[in-house]
Amino acid sequence: MARASKEAMAVLRFLPKLIVPEGRTAGKNLRLANYQKNFVRGAFAKGVGVGLLSIGRGNAKTALSAGIALGHLMGEIAHQPKREIIFAARNRDQAKTAFGFLLGFIEGLPEEEQKQFTIRRGSKLEVETRENGGGLARVIAADGKSILGGAPTLAILDERAAWERDKGDSLENAILSGLGKRDGRALIISTSAPDDANTFSRWIDSPPPGTYVQEHRPAAGLPPDDLDSLLVANPGAVEGIGSTPEWLVAQAARAIARGGSALSSFRNLNRNERVATDDRSVLLTVDEWLACEVSPDDLPPRNGPVVLGIDLGGSRSMSAAALYWPETGRLECVGAFPCKPNLADRGQADGVLGRYSDMANRGELVTMGEATVPVGRFIADVTTKLDGQTPAAIVGDRFRHAEFLEALRDAGLERVPFIWRGFGWKDGSEDCERLRRAVFEGEVKAIPSLLLRSAFGDAITLVDPAGNHKLAAGRSTGRIDPVAATVLAVAQGVRMRRAPAPKLGRAAWG
């Protein structure tokens, strides 16, 4: 690693002087772990204005930033007069956590040094000092008023992934614009966001120039209790910071046993994965879908009739088709984008970087057409994957009736039975429930698919007072067309499999 800058060296000299205010090591001098030292060196390197740290809960990211804020406030790190430090969080209560660490570190200073601080705990949470040119540290919340007009020299954006999108982005923009007035620096710290579209995720995936990124996120798809990947997300566990490895494994076992939101929360908060923590409005949790994935050798055969579910994309959006064999539970899915813009540009616009290109390389996503996907050609290409087998039924959205009729004629499939379904409460809630039941009963099997894994991770549902779910494209955070096609295909396949067998007529003898 390159030699640390003067500011980074100042931080590394100052922090060990502080006394840990709480926890197992309370009363002892602060000892920095290797990952903390790496973050300090990177975030305070020359030419860096924003440092991002994504790490599992309990790894002292807030305490580290509070210690840096105190050194900055006292003039030990930055020597500008009238320094201004901002603690920003989703709301006031969350911001008070970092502010509490700041006060705890102050209480551990020698009494003579404590006298320089004026602490305000009323309607404003502030700490002020007049030493070394003076400085002010204050707390603001993303649910309050903007701070236009401020000129902070250091800003700490705590748990950025949890901020409300519109208010949070507005506050962030105001803070960053103010930092430019005095060559200020921002530290953006958080556990992983629930999805790629979150602003914190986009900071990490597409960092602008002058940004240092340190992300402790394990590879996707690993078991929740895999110790090596747990330690990737929780590097402090082996250095005496936060949770112990034994506690993490025990909590993983508890989350696995409880499943649902408990398991999703553990993946997001403790494993630092991009997983929605609230499963009340998702079609399937990540772990529920992962249970459907099997190796190519274990994939069921293409036996029996096949159902083709199709979700047509609009102008410049994705179309998707799902093939489901209800007798064996085999599922295959493919998506299609128009050629313009190309997949790389589309990935940048959607905030998923090279994911679409990766899908194309895996054979899960194709491009055809210019500004729209030619539906007839797409359906014809999908049916060629059946090696001569004709679908027993094709299922699609009744609101695209005319387009489907034209596409089926173009594909030579006008004689195949077509089942019209809606995505409203009547059809949509039934189809969603049939898919979920089939998944829970082990009747859906697919090879690992980045297309499907990504779509199910983004699929959000609306829930009525009776607990019925229907897909909500407007609330979903990404491209869920493959999920829509899968819902249609699997639900119809389940209906076909469970339909009563036709009774044979009686023979009458004369």
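Residues numbered from 1 in each chain as written. Predicted model: local features only at pLDDT ≥ 70, side-chain atom pairs only at ≥ 80, totals over all residues. Heavy atoms only, no water.

## Remarks on the overall build of the protein
Counting secondary structure elements, the protein contains 18 helices and 16 strands. Viewed in the frame of its principal axes, the protein has a C-alpha envelope of about 115 × 45 × 45 Å. Of all 510 residues assigned to the protein, the portion counted as buried reaches 53%. Pairs at least 24 apart in sequence give 71% of the contacts found in the protein among residues at least 6 apart. When the accessible surface of the protein is split by element, carbon and sulfur atoms take 50% of a total near 23300 Å². (Helix = DSSP H or I, 4+ residues; strand = E, 2+ residues; numbered from the N terminus. Buried < 20%, exposed > 50% of the residue type's maximum accessible area, 1.4 Å probe, protein only. Contact = heavy atoms within 4.5 Å. Areas by Shrake-Rupley, 256 points an atom, 1.4 Å probe, with all protein chains shown as cover.)

## A short note on the side chain of Ser-5
Locating Ser-5 in the fold gives a position in the segment before helix H1 (6–14). Here the side chain of Ser-5 touches Ala-8 through a polar contact of 3.2 Å, landing on its backbone nitrogen. Residues in contact with Ser-5, not counting those within four places in the same chain, are Phe-44, Ala-45 and Lys-46. (Polar contact = N/O pair within 3.5 Å; in protein donor to acceptor, adjacent residues only side chain to side chain.)

## A few points about the packing of helix H17 (residues 450–458) against helix H18 (residues 481–498)
Closest axis-to-axis distance for the H17/H18 pair is 8 Å, and the angle between their directions is 95°. Viewed along their axes, H17 and H18 adopt a mutual orientation that is roughly perpendicular. Across the interface between the two elements, Leu-451, Leu-452, Ala-455 and Phe-456 of H17 pack against Pro-482, Val-483 and Thr-486 of H18. Among the residues making up the contact of H17 with H18, the classes are represented as six nonpolar, one polar and no charged. (Axes fitted to C-alpha atoms, helices over the stretch in contact; angles between N-to-C directions. Parallel < 35°, antiparallel > 145°, perpendicular 65-115°, else oblique. Nonpolar A, V, L, I, M, F, W, Y, C, P; charged D, E, K, R; others polar.)

## Quick look at the environment of Ile-119
Summarising the element assignment, Ile-119 is placed in strand E3 (residues 117–121). Classification of Ile-119 by relative accessible area gives partly exposed; the value is 33%. In the structure, Ile-119 is positioned 11 residues away from Gly-108 in sequence and 15 Å away in space, judged by C-alpha atoms. When neighbours within four sequence positions are excluded, Ile-119 is seen to be in contact with Leu-103, Glu-126 and Val-127.

## What about the packing of aromatic side chains?
Counting across every chain of the model gives six aromatic pairs. Ring centres of Trp-289 and Phe-456 lie 4.5 Å apart, and the angle between their planes is 20°; on these two criteria the pair is classed as stacked. Taken together, the residues span a long stretch of sequence, with Trp-289 in helix H11 (residues 286–290) and Phe-456 in helix H17 at a distance of 167 residues. We note that Trp-289, like Phe-456, is buried. Taken together, a centroid distance of 6.1 Å and an interplanar angle of 65° make the contact between Phe-404 and Trp-420 edge-to-face. Placement of the pair is Phe-404 in helix H15 (residues 401–411) and Trp-420 in strand E14 (residues 418–421), with a sequence separation of 16 residues. Exposure remark for Phe-404: the relative accessible area of 1% places this residue in the buried category. (Phe/Tyr/Trp six-rings, centres within 6.5 Å; stacked < 30°, edge-to-face > 60°.)

## Overview of the sheet that holds strand E5 (residues 135–141)
In spatial order, the strands read E3-E4-E5-E2-E6-E7-E1-E8; together these eight strands make up an open sheet with mixed pairing. Bordering the open sheet on either side are E3 and strand E8 (211–215), each of which pairs with just one other strand. Ignoring strand direction, the axes of neighbouring strands in this sheet form an average angle of 10°. Inspection of the sheet shows strand E1 (residues 50–54) paired to E8 by five bridges, in the parallel sense. Note on E8: the bridge partner recorded for Leu-52 is Val-213. Here helix H4 (residues 92–107) sits on the sheet in contact with strand E2 (83–89), E3, strand E4 (125–129), E5 and strand E6 (154–158), set at roughly 30° to E4. (Pairing = 2+ DSSP bridges.)

## As for the pairing of E2
Counted residue by residue, E2 has seven buried out of seven residues, so it is predominantly covered. As judged from the four bridges shared by E2 and E6, these two strands associate in the parallel manner. The partner of Phe-87 across the bridge, within E6, is Ile-156.

## Some words on the nonpolar core
In this structure, Leu-15, Phe-44, Ile-68, Leu-70 and Phe-87 are the most contacted members of the largest nonpolar core, which totals 51 residues. Here this core takes eight residues from H4, the largest share from any one element. One finds Cys-292, Ala-322, Val-444 and Ala-489 within the second-largest nonpolar core, a separate group that totals 39 residues. (Core = buried A, V, L, I, M, F, W, Y, C linked by side-chain atoms within 4.5 Å.)

## Examining the packing of helix H9 (residues 245–258) against helix H10 (residues 260–270)
At a closest axis distance of 6 Å, the pairing of H9 and H10 adopts a crossing angle of 150°. Our pair here, H9 against H10, has a crossing hand that is left-handed. Across the interface between the two elements, Trp-247, Leu-248, Gln-251, Ala-252, Ala-255, Ile-256 and Arg-258 from H9 touch Gly-260, Ala-262, Leu-263, Phe-266 and Asn-270 from H10. Broken down by class, the residue content of the contact of H9 with H10 amounts to eight nonpolar, three polar and one charged. (Left-handed = near helix turned anticlockwise from the far one by under 90°.)

## Focus on the sheet that holds strand E10 (residues 319–325)
Sheet strands line up and pair through hydrogen bonds in the backbone, either parallel or antiparallel. Pairing within the open sheet is mixed, and its six strands lie in the order E12-E11-E10-E9-E13-E14. Two strands lie at the open edges of the sheet, namely strand E12 (365–367) and E14, each paired on one side alone. The mean inter-strand angle of the sheet, taken between neighbouring strand axes irrespective of direction, is 20°. Pairing between strand E9 (residues 307–311) and E10: five bridges, direction antiparallel. Across the sheet, Asp-311 pairs through a bridge with Ala-320, a residue of E10. Sheet strands touched by helix H14 (residues 375–384): E9, E10 and strand E11 (330–337). Its angle to E10, the strand with the most contacts, is close to 30°. Contacting E9, strand E13 (393–397) and E14, H15 runs over the sheet at an angle of about 160° to E14.

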